[in-house]
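The lines below spell out each chain.
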Amino acid sequence: MDDLDLAPRPLTLMAVHAHPDDETIGTGGTMARAVGASRRVVLVTCTRGEMGEIVMSELDTPENHRRLGELRAAELEAAMTELGVTEWDNLGYRDSDMMGRPGNLDPRCFWQADLDEAIGRLTWLVRRHRPEVITTYNDFGGYGHPDHIRTHQVAIGAFERAGDPGWYPTQLVEGGVAPWTPLKLYEQAVPRSVRLAMVERTEAMGQRSFWSAPENASPEEMVEYEAFLARALIPDDQITTRVDVNDFLEAK
Ligand SMILES: [Zn+2]
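Just so we're clear, the structure is a prediction, and the values are computed from it rather than from any experiment.

Trainee: Looking at this model, I keep getting lost on the sheet that holds strand β2 (residues 40-47). Mind explaining?
Mentor: Remark on secondary structure: sheet strands pair via backbone hydrogen bonds, oriented parallel or antiparallel. Ordered in space as β3-β2-β1-β4-β5, the 5 strands form an open sheet in which the pairing is parallel. On the outer flanks of this sheet lie β3 (87-93) and β5 (184-187), each paired with one strand and no other. Averaged over all neighbouring strand pairs, the angle between strand axes comes to 20°, with direction disregarded. As judged from the 3 bridges shared by strand β1 (residues 12-17) and strand β4 (residues 133-136), these two strands associate in the parallel manner. For Ala15, the partnering residue across the bridge sits in β4 and is Thr135. The strands that helix α5 (residues 115-129) touches are β1, β2, β3 and β4; relative to β3, the one it contacts most, it runs at about 165°.

Trainee: Help me understand the pairing of β2 in this model?
Mentor: Both faces of the sheet carry side chains from a regular strand, because those side chains alternate between them. Across the 8 residues of β2, 7 count as buried, placing the element largely inside the fold. In this view, the connection linking β1 to its parallel neighbour β2 by way of helix α2 (residues 22-36) has right-handed handedness.

Trainee: Got a minute to help me understand the packing of aromatic side chains in this structure?
Mentor: One pair of aromatic rings is described through two measures. These are the centre distance and the angle between the planes. Counting across every chain of the model gives 7 aromatic pairs. When the ring of Phe210 is compared with that of Trp211, the centres are 5.9 Å apart and the planes differ by 80°; the resulting orientation is edge-to-face. Judged by relative accessible area, which is 10%, Trp211 ranks as buried. An aromatic cluster of three or more residues is present, and its members are Phe140, Tyr143, Phe210, Trp211 and Phe228.

Trainee: Hey, could you run me through the side chain of Thr151 in this one?
Mentor: Residue position: Thr151 is located in helix α6 (residues 146-161). Residue Thr151 is classed as buried on the basis of its relative accessible area, which comes to 0%. Beyond its immediate stretch of four places on either side in the chain, Thr151 contacts Val16, His17, Ala18, Cys46, Phe110, Thr136 and Tyr137.

Trainee: What is the right way to look at the coordination of the zinc ion in this model?
Mentor: Ideal values differ by geometry: the angle at a metal is 109.5 degrees with four tetrahedral donors, but 90 or 180 degrees with six octahedral donors. The coordination sphere of the zinc ion contains the protein donors His19 (ND1), Asp22 (OD), Asp22 (OD) and His148 (NE2), at a distance range of 2.1 to 2.6 Å. Bound by 4 donor atoms, the zinc ion shows angles of 54 to 141° at the metal and therefore irregular coordination geometry. In primary-sequence terms, the residues that donate to the zinc ion follow H-x2-D-x125-H. Separated by 129 residues along the polypeptide, His19 in the loop between β1 and α2 and His148 in helix α6 bring together distant segments of the chain. Pair check on accessibility: His19 and His148 agree, each one buried.

Trainee: Would you mind showing me how to read the environment of Gly166 here?
Mentor: Mapping Gly166 onto the fold places it in the loop between α6 and α7 (169-174). Counting along the chain gives 13 residues from Gly166 to Pro179, while the straight-line C-alpha distance between them is 9.4 Å.

Trainee: What exactly am I supposed to notice about the nonpolar core here?
Mentor: Inside soluble globular proteins, nonpolar side chains tend to come together where they are buried. Core analysis: the largest hydrophobic core is formed by 21 residues, its most contacted members being Met14, Val16, Leu91, Leu122, Val126 and Val154. Going through the elements one at a time, β1, β2, β3, α5 and α6 are the ones with two or more residues in this core. It is α5 that provides the largest number of residues to this core, a total of 5 residues. Within the second largest apolar cluster, 12 residues are counted, among which are Ala15, Ala32, Leu43 and Ala79.

Trainee: Is there a simple way to think about the state of the cysteines in this case?
Mentor: Think of a disulfide as a covalent bridge from one cysteine sulfur atom to another cysteine sulfur atom. Evaluated as defined, the whole model comprises 0 disulfides. Take Cys46: it sits in no disulfide, and the sulfur closest to it among the cysteines is that of Cys109, at 13 Å. Under the relative-accessibility criterion, Cys46 is labelled buried at 0%. Relative accessible area serves as the criterion here: at 0%, Cys109 is assigned to the buried category.

Procedures and definitions
- Residues numbered from 1 in each chain as written.
- Predicted model: local features only at pLDDT ≥ 70, side-chain atom pairs only at ≥ 80, totals over all residues.
- Heavy atoms only, no water.
- Pairing = 2+ DSSP bridges.
- Helix = DSSP H or I, 4+ residues; strand = E, 2+ residues; numbered from the N terminus.
- Axes fitted to C-alpha atoms, helices over the stretch in contact; angles between N-to-C directions.
- Contact = heavy atoms within 4.5 Å.
- Buried < 20%, exposed > 50% of the residue type's maximum accessible area, 1.4 Å probe, protein only.
- Right-handed = clockwise from strand over helix to strand, strands pointing away.
- Phe/Tyr/Trp six-rings, centres within 6.5 Å; stacked < 30°, edge-to-face > 60°.
- Donors = N, O, S within 2.8 Å, 3.2 Å for Na, K, Ca; no water.
- Tetrahedral: all angles 85-135°; square planar, octahedral: opposite > 155°, others 65-115°.
- Core = buried A, V, L, I, M, F, W, Y, C linked by side-chain atoms within 4.5 Å.
- Disulfide = S-S within 2.5 Å.

Okay, structure coming up:
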């Protein structure tokens, strides 16, 4: 045990996310609140988000798509400044695009990565940063995106393995870290009632939501949509913990 281990350390929150922007959308208020309470906050993003959509049409150019990973890294840095977070890491995987598209078959992408190897990368970060609490997504990745599903699997795996010296023993010898067992893991969620209210509000503003029913849908598409909602909406009574972020909405 060296001096570092004896020094008092702040309680640490580690938020594990799939792409740059997910951290702010999903847990930005929680992260800012933790910083405000003098907690240490570490963000881990699993991919660089190279396959994301560019929603502002004037920026939607081939050049910007080619350097989207860089652009999103810069956006993430700016977002961390707003939230007051000073530590972030990236697992280094390529964005997995969407199921059924060519990017999803790219051998460099997160979806194609060896799961034990990916869990090992996050395990090293857990052992290094020693968070008490980890946040991630549920086993549907919130809405079925392959990178979000994989993020859940990797976060659960690292949560379970980081404290076990039998897993990734070379990290303990050569990686300069010790086993560490976090206390809690949370899956972020938007309760069903809130999600439906958000969709309603968005549609009332004349815009479609990702969660809106498909337009001019065939009966088969409606069945598919209903099945998606049944899987993706989180019943309010399954929510175990609420974090009041009202004072941090401006930063978010
Ligand atoms: Zn994402």
